[in-house]
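Listed here are the chains, written in short residue letters.
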Amino acid sequence: SVWMQWHGHTDVLIGLAVLQGGFLLGVGPLRKRYRLANTVEPRLIATFTAGVLVIFVALVSPLHVLSDHYLFSAHMSQHLLLTLVAPPLLIMGTPDWLLRPIVRTRMMFRLLRISTHPIVAFAVFNLVFALWHIPALYNVSVTNHGVHIAEHLLFLATATVMWWPVTSKMPELPRLSYPLQMGYFFLLSLAQIIVFATITFAKEPIYEYYVVAPRLYSISPIEDQQIGAIIMKVGSGLLFLTLLAITFFRWFNEEENQN
């Protein structure tokens, strides 16, 4: 059964080991050696590790096999995990004192300040995401392993930048105010609507790779394409609108406590 196939790409396993190992090194031996902080909250370690596990599931589990060989909808589920679930967990699980040495150099600080500006972050993420779903470029990514790796790395990097304005823990690169966060979430809920509308309402399959792929569960290529677009658009829309509502209530409670 395809649901029993775990595909352990060596590059993915090494990358995740380096990511998790580097984090544990930073919050453990390096924290003590350079006196970065007295303690580290276990909750942060659990949150960061959860982000790494989400990437592991996206790229190693049967979901990866389904997305690589059978279903466009599985690929969209994979992209959802890589862009909307893992990055905020990684950011929220990283202590500010662990990142602070990185921003001490003026050049790095200016680069991060520009790249995490909400307008830049919003534009870069959505542009990159839209470009990779152009049929010609998409086909290259699913047929060339090196390009596919580059695509996923770009998704993770630009999604991390996109999430930064609403999840940052660093005063040097702060979060947006609650009202601006709500506006940001609202715009994110609308983003990519043209891309996903094009995919959803296309009369013919636009991704040739999945037209010739083996069929599973009697799902036709056009149905698979529509399901994939709905998973990504509805999933992202519900997530961002839920976060908008949560942010509103946080803002409301904060205003109430101040009065």
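In the block above lies the structure referred to throughout.
Residues numbered from 1 in each chain as written. Predicted model: local features only at pLDDT ≥ 70, side-chain atom pairs only at ≥ 80, totals over all residues. Heavy atoms only, no water.

1. What about the overall build of the chain?
Thought 1: The helix and strand tally for the chain stands at 14 helices and zero strands.
Thought 2: Ordered by position in the sequence, the α and β elements of the chain form the string α-α-α-α-α-α-α-α-α-α-α-α-α-α.
Thought 3: Over its C-alpha trace the chain gives a radius of gyration of 20 Å, about what one expects of a compact globule, namely 18 Å for 259 residues.
Thought 4: Considering only C-alpha atoms, the chain reaches an extent of 55 × 45 × 35 Å along its principal axes.
Thought 5: By the burial criterion, 44% of the 259 residues in the chain qualify as buried.
Thought 6: Taking as baseline every contact in the chain between residues at least 6 positions apart, the subset at least 24 positions apart corresponds to 76%. (Helix = DSSP H or I, 4+ residues; strand = E, 2+ residues; numbered from the N terminus. Rg over C-alpha atoms; globule rule 2.2 N^0.38 Å. Buried < 20%, exposed > 50% of the residue type's maximum accessible area, 1.4 Å probe, protein only. Contact = heavy atoms within 4.5 Å.)

2. Structural notes on the nonpolar core
Thought 1: In terms of nonpolar packing, the biggest core is built from 34 residues, with M162 and W163 touching the most fellow members.
Thought 2: Breaking this core down by element, the ones donating at least two residues are helix 5 (72-92), helix 8 (118-131), helix 9 (135-143), helix 10 (145-167), helix 11 (178-190), helix 12 (193-201), helix 13 (208-211) and helix 14 (221-258).
Thought 3: With six residues, helix 10 is the single largest residue contributor to this core.
Thought 4: Those residues in contact with W163, other than ones at most four positions away along the chain, are T83, L84, P87, P88, I91, F185, L239, F240 and L243. (Core = buried A, V, L, I, M, F, W, Y, C linked by side-chain atoms within 4.5 Å.)

3. What about the layout of surface pockets?
Thought 1: If you add up the space inside the largest pocket, you get close to 980 Å³.
Thought 2: Lining the largest pocket are 35 residues, and of these L19, L90, L156, A157 and T160 sit closest to its centre.
Thought 3: The set of elements that each furnish at least two residues to the lining of the largest pocket consists of helix 1 (10-27), helix 3 (42-60), helix 4 (62-69), helix 5, helix 6 (96-99), helix 7 (106-115) and helix 10.
Thought 4: When residues of the lining of the largest pocket are assigned to their parent elements, the largest contribution, ten residues, is made by helix 10.
Thought 5: By residue class, the composition of the lining of the largest pocket is 23 nonpolar, ten polar and two charged. (1 Å grid on protein atoms, 1.4 Å probe; cavity = no way out; pocket = protein on both sides within 12 Å on 5 of 7 lines; lining within 4 Å. Points joined across faces, edges and corners; volume = space filled by probe spheres on them. Nonpolar A, V, L, I, M, F, W, Y, C, P; charged D, E, K, R; others polar.)

4. Details of helix 9
Thought 1: What helix 9 keeps buried is the set Y138, S141 and V142. For helix 9, the arc enclosing every buried residue in end-on projection is 90°, short of the 170-degree limit, so these residues lie on one face. Opposite its buried face, helix 9 presents the exposed residues A136 and T143, each directed more than 90 degrees away.
Thought 2: Contact partners of the buried residues in helix 9: helix 5, helix 10 and helix 13. (Arc of directions from axis to C-beta.)

5. Examining the packing of helix 8 against helix 11
Thought 1: Packing of helix 8 against helix 11 leaves a shortest axis separation of 12 Å and a crossing angle of 15°. Between helix 8 and helix 11, the interaxial angle falls into the category roughly parallel. Here helix 8 and helix 11 pass one another in a crossing that is right-handed. In contact with P118, A121, F122 and N126 of helix 8, helix 11 contributes Y184, L187 and L188.
Thought 2: Partitioning the contact of helix 8 with helix 11 into residue classes produces six nonpolar, one polar and no charged. (Axes fitted to C-alpha atoms, helices over the stretch in contact; angles between N-to-C directions. Parallel < 35°, antiparallel > 145°, perpendicular 65-115°, else oblique. Left-handed = near helix turned anticlockwise from the far one by under 90°.)

6. Observations concerning unusual backbone geometry
Thought 1: Within the chain, Y217 stands out as a residue other than glycine whose phi angle is a positive 60°.
Thought 2: Relative to the elements of secondary structure, Y217 occurs in the loop between helix 13 and helix 14.
Thought 3: The exposed category is assigned to Y217, whose relative accessible area is 51%.
Thought 4: Even without a glycine there, the phi angle at S218 is positive, about 60°.
Thought 5: Its location among the elements puts S218 in the loop between helix 13 and helix 14.

7. Details of empty space enclosed by the protein
Thought 1: Considering all chains together, one arrives at two cavities of 30 Å³ or more under this definition.
Thought 2: Its volume calculated, the largest cavity comes out at about 90 Å³.
Thought 3: If you trace the largest cavity, you find it lined by L84, F125, N126, F129, L188, A191, Q192, F196, M232, K233, S236 and F240.
Thought 4: At the level of elements, helix 8 and helix 14 are the ones that each hand at least two residues to the lining of the largest cavity.
Thought 5: Taken together, the residues that form the lining of the largest cavity break down as eight nonpolar, three polar and one charged.
Thought 6: Here the second largest cavity defines a volume of roughly 40 Å³.
Thought 7: Looking at the second largest cavity, the residues that line it are F72, P205, Y207, Y210, P221, D224 and Q225.
Thought 8: Sort the elements by how many residues they give to the lining of the second largest cavity and helix 14 lands first, with three residues.
Thought 9: Residue composition of the lining of the second largest cavity, by class: five nonpolar, one polar and one charged.

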